Amino acid sequence: MRNHTKPRHITRTWNVTLYGRYESGTAPVILGQHRVTLAADGQGVISASVDGRDATEAAAVAILNRAKRDGQVQLREEVRIGLPKPAASRLHRDLALAGILAGNHYAVASAALGRVISSLTQVQPHEAEQVRGYAARLIRGAA
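These notes cover the structure that comes with them. (Residues numbered from 1 in each chain as written. Predicted model: local features only at pLDDT ≥ 70, side-chain atom pairs only at ≥ 80, totals over all residues. Heavy atoms only, no water.)

1. Section: the overall build of the protein chain
The test is simple: In DSSP terms, a helix is any run of H or I states spanning at least four residues, a strand is any run of E spanning at least two, and both are numbered starting from the N terminus. In this description the radius of gyration comes from C-alpha coordinates, and the expected globular size is given by 2.2 Å times residues to the power 0.38. The rule is simple: take the accessible area with a 1.4 Å probe, protein chains only, and divide by the maximum for that residue type; under 20% is buried, over 50% is exposed, in between is partly exposed. Should any heavy atoms of two residues lie within 4.5 Å, those residues are counted as being in contact. For the accessible areas, the method is Shrake-Rupley and the probe is 1.4 Å, while residue cover comes only from the protein chains on display. When charges are counted, Lys and Arg are positive and Asp and Glu negative, with His and the chain ends excluded. Note on charges: their place is set at NZ of Lys, CZ of Arg, CG of Asp or CD of Glu.
Across its full length, the protein chain holds four helices and five strands. Taken from the N to the C terminus, the helices and strands of the protein chain come in the order β-β-β-β-α-β-α-α-α. Here the C-alpha atoms of the protein chain give a radius of gyration of 22 Å, more than 25% beyond the 15 Å that 2.2 N^0.38 yields for 143 residues. The principal-axis extent of the C-alpha atoms belonging to the protein chain is close to 80 × 30 × 20 Å. The buried share of the protein chain, taken over its 143 residues, is 31%. Expressed as a percentage of contacts within the protein chain between residues at least 6 apart in sequence, the contacts between residues at least 24 apart total 55%. Here the protein chain displays about 9200 Å² of accessible surface, and carbon together with sulfur accounts for 53% of that area. Seen as two clouds, the 19 positive and the 11 negative side-chain charges of the protein chain have centres 7 Å apart.

Shown next as structure tokens:
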């Protein structure tokens, strides 16, 4: 069985509005507005910021959870770095069809891109063709 839980490079940023109520409980009052960012790198290390300042993951998540309960949360931006798993799987298949042994896929991608690749999900979408082309030249003896 494959492990589909390997971390991916991803950053998400939300606009958050927190509401409260006057003592009488009738009118909602805006308590604050924040921009919350959570990011994870390929090793699963999570970083967080609130309004552009470093924050703990717990503090950022607490603000998001409170806003979900008593406010508004709007996803502003999501950035994923690297190939999605289906595209990485296709790249693995294409390298195998080109004649590259499965155990050499990461080495070929690393050589093609000039950096260490330990998972094809680390290959940027615009780099996938470069890896395919390098593999084809390698097989033809032209790399």
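2. Structural notes on unusual backbone geometry
Positive phi values are uncommon outside glycine, yet D51 reaches one of about 55°. With respect to the helices and strands, the residue D51 is situated in the loop between strand 3 (46–50) and strand 4 (53–55). Residue classification places D51 among the partly exposed residues on the basis of a relative accessible area of 35%.

3. Comments concerning the pattern of salt bridges
As a reminder of what qualifies: Salt bridges are counted wherever a side-chain nitrogen of Lys or Arg sits within 4 Å of a carboxyl oxygen of Asp or Glu.
The final tally for this structure, using the stated rule, is seven salt bridges. The residue R132 makes a salt bridge to D94 at a minimum N-O spacing of 2.7 Å. Of this pair, R132 sits in helix 4 (residues 128–140) while D94 sits in helix 2 (residues 85–98), and the two are 38 residues apart along the sequence. Judged by relative accessible area, which is 23%, D94 ranks as partly exposed. Here E127 and R115 are joined by a salt bridge, their closest N and O atoms 2.8 Å apart. Taken together, the residues E127 in the loop between helix 3 (105–113) and helix 4 and R115 in the loop between helix 3 and helix 4 connect sequence positions 12 residues apart. A relative accessible area of 10% means that E127 is categorised as buried. Because the salt bridges share partners, they merge into one network encompassing R93, D94, E129 and R132.

4. A short note on the packing of helix 2 against helix 4
Short version of the rule: In this description, a line fitted to the C-alpha atoms serves as the axis of each element, helices being fitted only across the stretch in contact, and the angle between N-to-C directions of two axes falls anywhere from 0 to 180 degrees. When an angle is under 35 degrees it counts as roughly parallel; over 145 it counts as roughly antiparallel; between 65 and 115 it counts as roughly perpendicular; any other value is oblique. If you view the pair so one helix is near and one far, a crossing is left-handed when the near helix is turned anticlockwise from the far one by less than a right angle, and right-handed when it is turned clockwise. Charged means Asp, Glu, Lys or Arg here, nonpolar means Ala, Val, Leu, Ile, Met, Phe, Trp, Tyr, Cys or Pro, and polar covers whatever is left, Gly included.
Viewed as axis vectors pointing N to C, helix 2 and helix 4 meet at an angle of 15°, and their least axial separation amounts to 10 Å. Considering the angle they form, helix 2 stands roughly parallel to helix 4. Helix 4 is crossed by helix 2, and the crossing has right-handed handedness. Across the interface between the two elements, R90, L91, D94, L95 and A98 of helix 2 pack against A128, V131, R132, A135 and I139 of helix 4. Of the residues assigned to the contact of helix 2 with helix 4, the class counts are seven nonpolar, no polar and three charged.

Just distances and angles here, no functional claims.
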